[in-house]
Amino acid sequence: MTTNPMLSGDRFRLGTFSSNCSSGMTPTKIAERWDNSWDNNLTLAKMLDEAGIDFMLPIARWIGYGGETDFHGNVLETMTWAAGLLAATKNIAVFATIHTVANHPAVVAKQIATIDQIGHGRAGLNIVAGWNKPEYEALGLTLPDDHETRYAYAQEWFDLVRKLWASKEHFDWNGKYFKAKQIKGDPAPTRGSVPIINAAGSPQGRNFATDNADFLFTPAIDLSRSVGEIADLKAQAKAKGRKIDVLTFSHVICRPSRDEAEAFLHHTAVANTDTAAVDNLVNLQFAHAQSFPHDLLAQIKHLFAMGHGGFPLVGTPDDVAEGILKLHATGFAGTTLSFVDYVKEFPYFRDNVLPKLQEAGIR
């Protein structure tokens with residue numbers, strides 16, 4: 001059984017986010033924006049694996065955000081994506097992102113156990129309770145207006161998944177949302193479970209995450225604010241007899257000089273931003289999600305244009321390393337990294353930023 005890097009060591013974890021989606025995390029119109037083809041994802045995964053990056057995290061999406069590029073209109077399905085990448089790598093953890101409402105727990109339990117065998121214990125599960133109303137409508141579903149219902153459904157969903165992984169006998173399930181007769185879930189994941197990520201902003205969501213997740217995923221908009229939030233989340237989990245770590249996400253534009261980095265940022269996120277896609281994304285966040293602090297959303301439209309609201313790591317290798325060290329000092333256990341073109345830009349990050357993080361003792 002291979003070590004799962006999400007479960008071992010106390011280093012600051014680094015991963016990538018959204019490489020399975022068209023344009024990655026950047027709603028830009030430039031021709032060199034990320035092509036999310038399988039071949040590019042496979043090349044990236046092998047590159048990350050060799051560099052010692054800890055994990056890859058996808059976004060599950062069924063319709064895009066419109067605009068000229070239909071940002072996230074082309075998306076590789078995450079369970080099959082993860083299976084293929086786990087088969088092709090040796091050390092990196094790969095997550096599948098699963099919307100509870102669109103995937104039956106008995107199916108997901110077996111899928112996760114299967115890909116965990118493929119990766120010899122390196123699979124992970126990112127649970128999404130649901131927020132994107134147009135996607136619900138595309139699937140013929142109704143998004144509950146209240147977070148209580150969304151998370152009650154997600155809790156029973158995950159309770160059934162865990163029961164399937166743990167049970168040695170056939171059993172009946174007679175819940176509010178799911179019914180099953182004489183069901184059994186063999187095989188279980190290699191360790192009996194896998195690392196669980198959940199993104200949460202609402203009180204209901206954070207209660208769910210501290211009940212169930214190993215990692216809570218949340219934006220880093222105001223680091224002074226994040227210090228208290230992380231401490232509160234850890235205390236909330238500790239009061240339940242659990243431990244939780246907090247991850248965030250970042251967007252990287254790393255160049256030899258600040259002028260070059262700022263020029264590329266302007267090129268992608270100012271001169272050539274897909275404005276309609278950004279507007280749709282921000283409006284949906286206001287209307288249906290609480291992943292981002294609503295009192296800050298009006299201030300961060302530029303961050304959505306740059307990298308879907310991710311923490312900006314823009315500048316020289318020293319600047320980018322300093323930004324990651326700030327995230328570490330704030331209390332985050334790790335961050336994802338997105339690039340306009342992951343395959344083209346990651347090698348410069350690998351060669352010039354990773355050594356600085358190692359020298360600083362966080363890797």
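Residues numbered from 1 in each chain as written. Predicted model: local features only at pLDDT ≥ 70, side-chain atom pairs only at ≥ 80, totals over all residues. Heavy atoms only, no water.

Comments concerning the overall build of the protein
1) Next: When helices and strands are tallied, the protein shows 14 helices and 11 strands.
2) Next: Its C-alpha atoms give the protein a radius of gyration of 20 Å, near enough to 21 Å, the size a compact globule of 363 residues would have.
3) Next: C-alpha extents for the protein along the principal axes are approximately 65 × 40 × 40 Å.
4) Next: Counting across all 363 residues of the protein, residues that qualify as buried make up 56%.
5) Next: Put simply, 75% of the contacts in the protein that link residues at least 6 apart link residues at least 24 apart.
6) Next: As presented, the protein carries roughly 14,400 Å² of accessible surface, and 50% of it is formed by carbon and sulfur atoms. (Helix = DSSP H or I, 4+ residues; strand = E, 2+ residues; numbered from the N terminus. Rg over C-alpha atoms; globule rule 2.2 N^0.38 Å. Buried < 20%, exposed > 50% of the residue type's maximum accessible area, 1.4 Å probe, protein only. Contact = heavy atoms within 4.5 Å. Areas by Shrake-Rupley, 256 points an atom, 1.4 Å probe, with all protein chains shown as cover.)

Digging into helix H8 (residues 258-271)
1) Next: Helix length check: H8 (14 residues) gives 18 Å between terminal C-alpha atoms against 20 Å at 1.5 Å per residue, within 8%.
2) Next: Residues Ala261, Phe264, Leu265, Thr268 and Ala269 constitute the buried set of H8. (Expected span 1.5 Å × (residues − 1).)

Re unusual backbone geometry
1) Next: Cis rather than trans, the peptide bond between Asp186 and Pro187 has omega equal to 0°.
2) Next: Checked against the element boundaries, Pro187 lands in the loop between strand E6 (179-183) and strand E7 (196-199).
3) Next: One non-glycine residue, His72, lies in positive phi territory at about 65°.
4) Next: Structurally, His72 is set in the loop between strand E2 (55-57) and helix H2 (78-88).
5) Next: Phi at Gln182 is positive, roughly 45°, even though this residue is not glycine.
6) Next: Note on placement: Gln182 falls in strand E6.

Brief notes about the packing of aromatic side chains
1) Next: One pass over the full model with this rule turns up 13 aromatic pairs.
2) Next: Geometrically, the ring pair formed by Phe17 and Phe249 is edge-to-face, given 6.0 Å between the ring centres and 65° between the ring planes. Pair noted here: Phe17 is in strand E1 (residues 13-17) and Phe249 is in strand E9 (residues 245-254), with a separation of 232 residues, a long-range link.
3) Next: For Phe17, a relative accessible area of 9% translates into the label buried.
4) Next: One cation-aromatic arrangement involves Lys163 over Phe171; the distance from NZ or CZ to the ring centre is 5.2 Å. (Phe/Tyr/Trp six-rings, centres within 6.5 Å; stacked < 30°, edge-to-face > 60°. Lys NZ or Arg CZ within 6 Å of the ring centre and 35° of its normal.)

Observations regarding the pairing of strand E11 (residues 334-338)
1) Next: Burial analysis of E11 places five of its five residues in the buried class, which makes it a mostly covered element.
2) Next: Alignment of E1 against E11, held across four bridges, turns out to be parallel. Bridging across to E11, Leu14 finds its partner in Thr335.
3) Next: As paired elements, E9 and E11 share five bridges and run parallel to each other. Within the sheet, the bridge partner assigned to Thr248 lies in E11 and is Thr335. (Pairing = 2+ DSSP bridges.)

A word on the side chain of Arg61
1) Next: Within the fold, Arg61 resides in the loop between E2 and H2.
2) Next: On the accessibility criterion, Arg61 (10% relative accessible area) is buried.
3) Next: Reaching out from Arg61, the side chain makes a polar contact with the side chain of Glu135 at a distance of 3.3 Å.
4) Next: Apart from the residues lying within four places of it in its own chain, the contact partners of Arg61 are His72, Val75, His99, Trp131, Asn132 and Glu135. (Polar contact = N/O pair within 3.5 Å; in protein donor to acceptor, adjacent residues only side chain to side chain.)

Looking at the layout of surface pockets
1) Next: Each pocket or cavity is described by its volume, and for the largest pocket that value is around 230 Å³.
2) Next: If you go around the largest pocket, you meet 16 residues; those closest to its centre are Asp10, Arg13, Lys243, Asp245 and Ala333.
3) Next: Looking at the lining of the largest pocket, its residues break down into seven nonpolar, three polar and six charged. (1 Å grid on protein atoms, 1.4 Å probe; cavity = no way out; pocket = protein on both sides within 12 Å on 5 of 7 lines; lining within 4 Å. Points joined across faces, edges and corners; volume = space filled by probe spheres on them. Nonpolar A, V, L, I, M, F, W, Y, C, P; charged D, E, K, R; others polar.)

Some points on the packing of H2 against helix H3 (residues 105-118)
1) Next: At a closest axis distance of 8 Å, the pairing of H2 and H3 adopts a crossing angle of 15°. By the criterion of interaxial angle, the relationship of H2 to H3 is roughly parallel. Crossing of H2 against H3: the hand is left-handed. When H2 is examined against H3, the residues Met79, Ala82, Ala83, Leu86 and Ala87 are found in contact with a partner set consisting of Val108, Gln111, Ile112, Ile115 and Ile118. (Axes fitted to C-alpha atoms, helices over the stretch in contact; angles between N-to-C directions. Parallel < 35°, antiparallel > 145°, perpendicular 65-115°, else oblique. Left-handed = near helix turned anticlockwise from the far one by under 90°.)

What about the packing of helix H7 (residues 223-239) against helix H12 (residues 317-330)?
1) Next: Running from N to C, H7 and H12 cross one another at 35°; their axes reach a closest spacing of 9 Å. Contact with H7, carried on its side by Leu223, Ser226, Val227 and Ile230, involves Lys326, Leu327 and Thr330 of H12 and no other residues of that element.
2) Next: In terms of residue class, the contact of H7 with H12 is built from four nonpolar, two polar and one charged.

So, the pairing of strand E5 (residues 171-174)
1) Next: Of the two faces of E5, the one lined by Phe171 and Trp173 is fully buried and the one lined by Asp172 and Asn174 carries no buried residue.
2) Next: Two elements, E5 and E6, share three bridges in a ladder whose sense is antiparallel. Bridge pairing in E6 links Phe171 to Ile183.
3) Next: In this antiparallel pair of consecutive strands, E5 and E6, the connection spans four residues.

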